[in-house]
Structure formats: structure tokens, C-alpha cells
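Given next are the chains, with one letter for each unit.
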Amino acid sequence: MALIVQKYGGTSVGSPERIQEVAKRVIRWRERGNDVVVVLSAMSGETNRLLGLINALNPEGAAREKDVVLSTGEQVTIGLLSLCLESMGCAAKSYTGQQARLITDSAHSKARIRQIDDTKIRADLDAGKVVVVAGFQGVDAEGNITTLGRGGSDTTAVALAVALKADECQIYTDVDGVYTTDPRVVSDASHIPKLALEEMLEMASQGSKVLQIRAVEFAYKYDMPIRVLSSFDDGDNGKSTLVTREEDIMEEVMVRGVAFNRDEAQLTIKGVPDTPGVAFDILGPISDANIEVDMILQNVGTDGTTDFTFTINRGDYAEAMRILQATGDKLGASECKGDERIAKVSIVGGGMRSHAGVASQMFKALSKEAINIRMISTSEIKISVVVDEKYLELAVRTLHEAFKLNETTA
Ligand code: ADP
Ligand code: ASP
Ligand code: MG
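What counts, and at which threshold
Residues numbered from 1 in each chain as written. Chains lettered and ligands numbered in written order. Predicted model: local features only at pLDDT ≥ 70, side-chain atom pairs only at ≥ 80, totals over all residues. Heavy atoms only, no water. Near = heavy atom within 4 Å. Polar contact = N/O pair within 3.5 Å; in protein donor to acceptor, adjacent residues only side chain to side chain. Areas by Shrake-Rupley, 256 points an atom, 1.4 Å probe, with all protein chains shown as cover. Nonpolar A, V, L, I, M, F, W, Y, C, P; charged D, E, K, R; others polar. Phe/Tyr/Trp six-rings, centres within 6.5 Å; stacked < 30°, edge-to-face > 60°. Helix = DSSP H or I, 4+ residues; strand = E, 2+ residues; numbered from the N terminus. Buried < 20%, exposed > 50% of the residue type's maximum accessible area, 1.4 Å probe, protein only. Lys NZ or Arg CZ within 6 Å of the ring centre and 35° of its normal. Axes fitted to C-alpha atoms, helices over the stretch in contact; angles between N-to-C directions. Left-handed = near helix turned anticlockwise from the far one by under 90°. Contact = heavy atoms within 4.5 Å. Pairing = 2+ DSSP bridges. Parallel < 35°, antiparallel > 145°, perpendicular 65-115°, else oblique.

**Quick look at the site of ligand 2**
In the neighbourhood of ligand 2, the contacting residues comprise S41, A42, T47, E74, F136, R150, G151, G152 and S153. The separation between a nitrogen atom of ligand 2 and a polar side-chain atom of T47 is 2.8 Å. G152 has a polar backbone atom sitting 3.4 Å from an oxygen atom of ligand 2. Within the complex, the protein chains bury 86% of what would otherwise be the 260 Å² of accessible surface of ligand 2. For the shell around ligand 2, the per-class residue count stands at two nonpolar, five polar and two charged.

Below you can see the structure in the form of C-alpha cells.
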């Protein structure tokens, strides 16, 4: 008997009919002799609706209270699926993050999972029940409700799969796997049947929202394979993508896919002293405020001063700017400025390690379309560029074509 953790995203539970389809699928997996733990998102659009309500009343309000509101969407779907399963003759029990004792740190809206107490879940499984857990939420040591960041239900699913030592973690969504880029942006993107966790880690961290980055981090750390598949396929034999250890992938591809992120913003501080410790003076307060910094660029100093540019999530822009201005006053900077209309485009592929010239091919393709590159960063298996947001889709299509990703037949 296998233990399967299945996660269903917002569109997969977006209506009573979709919830019935999920229930039927869960029952099919059970009838084949599996224990099933289901993790659910809120109905599609619900988390955004809740955010809208918060913003209408107090956008700058306490993060603790925002999480109280945001976590409700998932409570609705877990109850509804459990009721639906019951109506179909299948015993089920729902758990909010708090009830499942899914303990996180206290970083509201981007909390990290620390520990899961699986005692109750195991007892329910042993009693023959399907266990339905709310994704995206947990509770901190003081009992405050926390949320895990957008797309966080993926992370709940992988963390539960790890804690329960599940045989498989299945992420059901509205696409039948991972593609060479977002199929909504490039219609002839190719399906990838098997992908290394390392590559998925880079794709997710560069913005491919098909899996949340932290879910892939968990899977990578604990060696838990993830299968991405569509809840809109009729049977259970449709296409899927298995994200697994690199050793299990036969063929190494130079460029696997194009990822992008439009939720970026850029900040620059000019004329700061070119002395040891200045990077820490600038970025320390940003990180103390729990704001993640992505790319960092320091210019070569002239006349004892230098400029410093970095990128962050657009949602953190106002707060980061406030902090930077305070730092600027302290350091006697000549100027602090920012741009909220930037985006990042990246190419990712394990084969880049052994291929030279990928970067120049990338820059050539972008220059042919007159797309200006504002920042560049590289790792072993990815190259990212920051461009003006208005060029984002053109850049993605151009790179997808330049690296012939529509011709991938893995
Ligand atoms: P869910 O609500 O099920 O969690 P998401 O919207 O979070 O679904 O993720 C699925 C979406 O991810 C797809 O509809 C697709 O537009 C987008 N996406 C982005 N990059 C990729 C990619 N490389 N492959 C597949 N889908 C991608
Ligand atoms: N409902 C949350 C969101 O929309 C979490 C998730 O769906 O994964 O981001
Ligand atoms: Mg998602």
C-alpha cells in the first residue's frame, strides 16, 4: 500500500463541480489501495479577493491580522471537499494548519515550516480516512495563524509528503506538467516529461510559478520527487512531469527553459562611501525587515564613493525604499532612486555547466530585438537579465525561439 500526498490548486477546486471531480479522483486513488492525504488551495480568485478586502480597509495593517483573513480561503475548500467525499461514501477529515500542528516561524505572509506533528493524521489514515489539509497556512509557537506566501500550498504538500514519508507527492494544477516556459505566454512551449530538481529549483526561483520555490527547496533537501499533473485530464494516465534527482535524468539539456518574473523592483543608492562594510550597512536593514534581495550590483568606485543597485520583490518596494532612504541619510548618499517597472528573464539548464557561449547567444538574441539589458546575474545553471517590464513578453518569446525550445522532444 502506498501513501500519496495530492495537492489541488485554486482552479482545480474553483467550483462545486470541480470539487466533485477532485473527490472522484481521490476515491479512485483510494480504491487502488492507496492512503491519500489531500492538500488544498483556496478556490481560484479567493486569495486575491481577500487581499482586496484587506487593502480596502487597512493595507498597512498588522501582518498577523492579514494572515487571519488570508487563511480563511483554504478552510472553506477543505470543509467542502470533506463533505463531498462523505456524500460519496468516503470517510474524510479536514485539518486547518493549526489543527494539523503545522508549526512555522512567525514571519507572517512568508512563514517557513519548522515542524509537522503527524500523529493525528496517521491515526486518521490508519482508521481508513482520507485526510484533507489546508494548504498555505500554519501556526507559530505562540499560536498565531501564519501564511506561507503566494503559491504556498505546494510547500504544504511537499512538507507533508516529507513528514509522512509519502511514496509520491502529486501536484495537480491546470497544466499537465512543466513546460519550457509558461504556455500562457508562449503557445508552442514544449512539455518536459522529466526534469531535475536542481533545474526546477532555478526555474521556480526565477519566477516559474507552476511550483512555489520553497516547495522545490523542500523536495531537493529531502529528496522527495514531485509529479506535476493536470486535474482537468479525465483519467490518471495523462501527461505529467516528474521532478526528480539529477541522476535519474538521462539526457542533459543545455537550456531547459525560460523563466520570468514581473514582480520585481530595482533600487539604487548613489554616492555612498567606498569603504569596507558599506554593503552590509545598506543591505543589513533590508534583510532585518525580512525583505529578500535578489540581484546585487556594486559599481567600481570613483573618488572614494560608489553606487549600489539591488532588486527585490515588487510588493516590498515601498518599505524597502523607506529603509534605503534612512540608510542614505545616515551614509550621506547623494541619491536614492527606484524603478518598479522592471522584470527578470532567465534561461535555465543543467547542460550550461559544460557549454560555453550560452550567455553571448542570449545577449545576441536580445540585442537583435533591441531589448536593453539593465542587470545580469549568472549561476552554474542559469543566466538572468533584468529588462524594462514592457519588453518582458518579447524577451521570453525571443529566447524561447533562439534556443529552439519549441523543438524539444524529450
Ligand atoms: P495552482 O493554482 O494549481 O497552484 P498556478 O497558477 O500556481 O496553479 O500554477 C500553474 C500555472 O503556472 C500554469 O497555468 C501556467 O500558466 C504557469 N506556469 C508558469 N511557468 C510555467 C511552466 N514553465 N510550465 C508550466 N506552467 C507554467
Ligand atoms: N491560495 C494561496 C494563493 O493563492 C495559496 C496557493 O494557492 O497555493 O497563493
Ligand atoms: Mg500555485
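Resuming the write-up.
**Quick word on the site of ligand 1**
In the neighbourhood of ligand 1, 17 residues make up the surrounding shell, with T173, D174, Y179, D182 and R184 lying closest. For ligand 1, an oxygen atom lies 2.8 Å from a polar atom in the side chain of D174. Bound to the protein, ligand 1 loses 84% of the 570 Å² it would expose on its own. Classifying every residue of the shell around ligand 1 by side-chain character gives six nonpolar, six polar and five charged.

**Overview of the packing of aromatic side chains**
Tallying each qualifying case throughout the model produces two aromatic pairs. A centroid spacing of 4.8 Å and a plane angle of 10 degrees characterise the contact between Y8 and Y172, whose relative ring orientation is stacked. Of this pair, Y8 sits in strand β1 (residues 3–8) while Y172 sits in strand β9 (residues 168–173), and the two are 164 residues apart along the sequence. For the pair formed by Y8 and Y172, the shared burial category is buried. The ring of F232 has R18 sitting right over it, with the charged end atom 3.9 Å from the ring centre.

**Things to note about unusual backbone geometry**
Although it is not a glycine, D303 adopts a positive phi angle of roughly 55 degrees. Tracing the chain through its elements places D303 in the loop between β16 (293–298) and β17 (305–313). Residue classification places D303 among the exposed residues on the basis of a relative accessible area of 81%. Residue A370 is not a glycine yet carries a positive backbone phi of 60 degrees. For A370, the location among the structural elements is in the loop between α11 (358–368) and β19 (375–379). The exposure class assigned to A370 is exposed, which follows from its relative accessible area of 57%.

**What to know about the packing of helix α9 (residues 278–288) against helix α10 (residues 317–331)**
Running from N to C, α9 and α10 point in directions that differ by 145 degrees, and their axes come no closer than 9 Å. In this structure, the crossing between α9 and α10 has a hand that is right-handed. From α9, V278, D281, I282, P285 and I286 reach across to α10, where they touch A320, I323, L324, T327 and L331. For the contact of α9 with α10, the residue count by class is eight nonpolar, one polar and one charged.

**Overview of the side chain of Q6**
Structurally, Q6 is set in strand β1. The class of Q6 is buried, set by a relative accessible area of 0%. Not counting residues within four places of it along the chain, the set of residues in contact with Q6 comprises V26, W29, V36, V37, V38, V39, Q170 and Y172.

**Some remarks on the sheet that holds β16**
Reading across the sheet, the six strands line up as β16-β17-β15-β18-β20-β19 and stay open at both edges, with antiparallel pairing between neighbours. Every other strand in the sheet has two partners, leaving β16 and β19 as the edge strands with one partner each. Strand after strand, the sheet turns through a mean of 30 degrees between neighbouring axes, direction not considered. In this structure, β19 lies alongside strand β20 (residues 382–388), joined through five bridges in antiparallel fashion. Across the sheet, the residue bridging to I376 is V385, located in β20. Packed onto the sheet, helix α7 (residues 197–205) meets β15 (257–273), β18 (335–348), β19 and β20 and runs at close to 145 degrees relative to β18.

**Section: the packing of helix α3 (residues 63–70) against helix α4 (residues 72–87)**
The contact between α3 and α4 brings their axes to 5 Å, and the two run at 25 degrees. Compared by their axis directions, α3 and α4 come out roughly parallel. Two secondary-structure elements touch here, α3 through V68, V69 and L70 and α4 through T72, G73 and E74. In terms of residue class, the contact of α3 with α4 is made up of three nonpolar, two polar and one charged.

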